[in-house]
Amino acid sequence: MSYTLSDIIRKFRIDVSIEPYGNGHINDTYIAESDPKYILQRINNSVFKNPEQVMSNITGVTEHLRKKITDAGGNPERETLNLVKTVDGKSFYKADDGNYFRMYKFIEGAVSYDSVENPAQLYEAARAFGKFQSMLSDYPVDKIYETIPDFHDTGKRYAALEAAVDKDVVGRCGLVEKEIEFAFARRQDTNVIVDAIAAGKVPVRVTHNDTKLNNVMLDEKTGEGVCVIDLDTVMPGSLLYDYGDALRFGASSGAEDECDLDKIWFDLELFEAFTKGFLEEVGSNLTDEEIKLLPFSAKLMTYECGIRFLTDYLSGDTYFKIHRKNHNLDRARTQFKLVADMEKKMDTMSGIIKKYI
Ligand code: ADP
Ligand code: GN1
Ligand code: MG
């Protein structure tokens, strides 16, 4: 890089020191400790091939949310992300080397949690994700770019795993035969949601697609949901993706990268807390087919993420940020442990969902 991060933040009229921040797996995030504070991000452009489309989506969606929040008497400075314009009045800065940077106002008095501490937290996160979904229910799907094509097409994710196994570029296949077998044994699940969408049984909506607990900010005093963040993957999708993906992370008894699998199971109390909060916000809009597929979506999104981690492990760790050897493998294993546990708990999960419909 022929520039420093200080050069970059000056393009947004900020001039203070800047430090790495947060625990996302994709973008590079920094905090500018000015008063007020700002978040600077380098968009990962090997993941997001067209950052200008990402920024177009985020600009449109945050403007829409701002109106909705204002009309409802809320505070749009806190309840949606706020982009900071560059000196040229743009929503991003493109550096000479092709890197894209953007800046957000820092959301004060709120926390994003990297692990779940109690069911109440997950209930509040669920309400925030549900509310986000409801506020976007009248946003035109055709105004949104698909920033990562086929993001939740589990069949295509499966095909990518098969290709990684075939190539075995770093010679790791022999080390993970059990995991590969586990993934391959569930092929029949992969097309259920995409087929239901293609058949018109499940509606396409504007969805978040990455509803991990640390992508929502909760008020540090009241614990209530404040703002849904990480809007790069807002795309046409299914509400089932948002419900299922949130549970994959949020209703696990342990961390996504926990090495001791005895500590990992699918926690039904957390599942119930999330389901209650999410359905309180979106329940009345759901179609019968969506309701039917809710429990399955939790399993499918967890399985999909597991095969993505495994594929990345087999491909030499090129997609997700890793912080230790075998990190992607450890992550894949927790996801598969959760899938196996959910398979045993599917009927109970359906029963819990019925309580809140
Ligand atoms: P990634 O795509 O890499 O996951 P995120 O957009 O989720 O990046 O940002 C990473 C972390 O930075 C978040 O989990 C959150 O803790 C923090 N963060 C991001 N945006 C803001 C913001 N506007 N205000 C406060 N914290 C933020
Ligand atoms: C990534 O960006 P982050 O850390 O919120 C990934 C998600 C995965 C998640 C697994 C764009 O999310 O799809 O579910 O890691 N985001 C992208 O933790 O691939
Ligand atoms: Mg994130």
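Scroll up to find the structure this text is about.
Owing to the predicted nature of the structure, the values given are computational and were not obtained by experimental measurement.

A. Here's a closer look at the coordination of the magnesium ion (ligand 3). The magnesium ion (ligand 3) binds to the protein through N215 (OD1) and D230 (OD); the donor distances cover 2.2 Å. With N215 in the loop between strand 8 (205-207) and strand 9 (216-219) and D230 in the loop between strand 10 (225-228) and strand 11 (235-237), this residue pair connects regions lying 15 residues apart in the sequence. According to the relative accessible area criterion, D230 is partly exposed, its value standing at 24%.

B. Fine view of the nonpolar core. Counting 97 residues, the largest nonpolar core has F271, F274, L310 and L314 as the members making the most contacts within it. Here this core takes 13 residues from helix 10 (residues 288-314), the largest share from any one element. When residues are assigned to domains, this core turns out to be shared by domain 1 (5-108) and domain 2 (119-356), each giving three or more. Not counting the four nearest positions on each side in its chain, L310 is found in contact with L161, V176, E179, I180, L329, A332 and F336. Membership of the second largest hydrophobic core comes to 16 residues, among which are I8, F12, I14 and Y30.

C. Summary view of the packing of helix 5 (residues 154-167) against helix 6 (residues 177-184). Two elements in contact, helix 5 and helix 6, have axes whose closest approach is 11 Å; the angle formed by their N-to-C orientations is 145 degrees. Taken as a pair, helix 5 and helix 6 cross one another with a handedness that is left-handed. Contacts from Y158, L161, E162 and V165 in helix 5 reach I180, A183 and F184 in helix 6. Class assignment of the residues belonging to the contact of helix 5 with helix 6 gives a composition of 6 nonpolar, no polar and 1 charged.

D. Examining the pattern of salt bridges more closely. Counting across every chain of the model gives 28 salt bridges. The partner of E77 in a salt bridge is R66, with the nearest N and O atoms 2.7 Å apart. Of this pair, E77 sits in helix 3 (residues 76-79) while R66 sits in helix 2 (residues 51-71); the two residues are 11 residues apart in sequence, bridging distant segments of the chain. In this structure E77 comes out as partly exposed when scored by relative accessible area, which is 36%. Residue R66 is classed as partly exposed on the basis of its relative accessible area of 30%.

Rules used in this analysis
Residues numbered from 1 in each chain as written. Chains lettered and ligands numbered in written order. Predicted model: local features only at pLDDT ≥ 70, side-chain atom pairs only at ≥ 80, totals over all residues. Heavy atoms only, no water. Donors = N, O, S within 2.8 Å, 3.2 Å for Na, K, Ca; no water. Helix = DSSP H or I, 4+ residues; strand = E, 2+ residues; numbered from the N terminus. Buried < 20%, exposed > 50% of the residue type's maximum accessible area, 1.4 Å probe, protein only. Core = buried A, V, L, I, M, F, W, Y, C linked by side-chain atoms within 4.5 Å. Domains from an automatic or database assignment. Contact = heavy atoms within 4.5 Å. Axes fitted to C-alpha atoms, helices over the stretch in contact; angles between N-to-C directions. Left-handed = near helix turned anticlockwise from the far one by under 90°. Nonpolar A, V, L, I, M, F, W, Y, C, P; charged D, E, K, R; others polar. Salt bridge = Lys/Arg side-chain N within 4 Å of Asp/Glu carboxyl O.

Keep in mind these numbers describe shape, not what the thing actually does.
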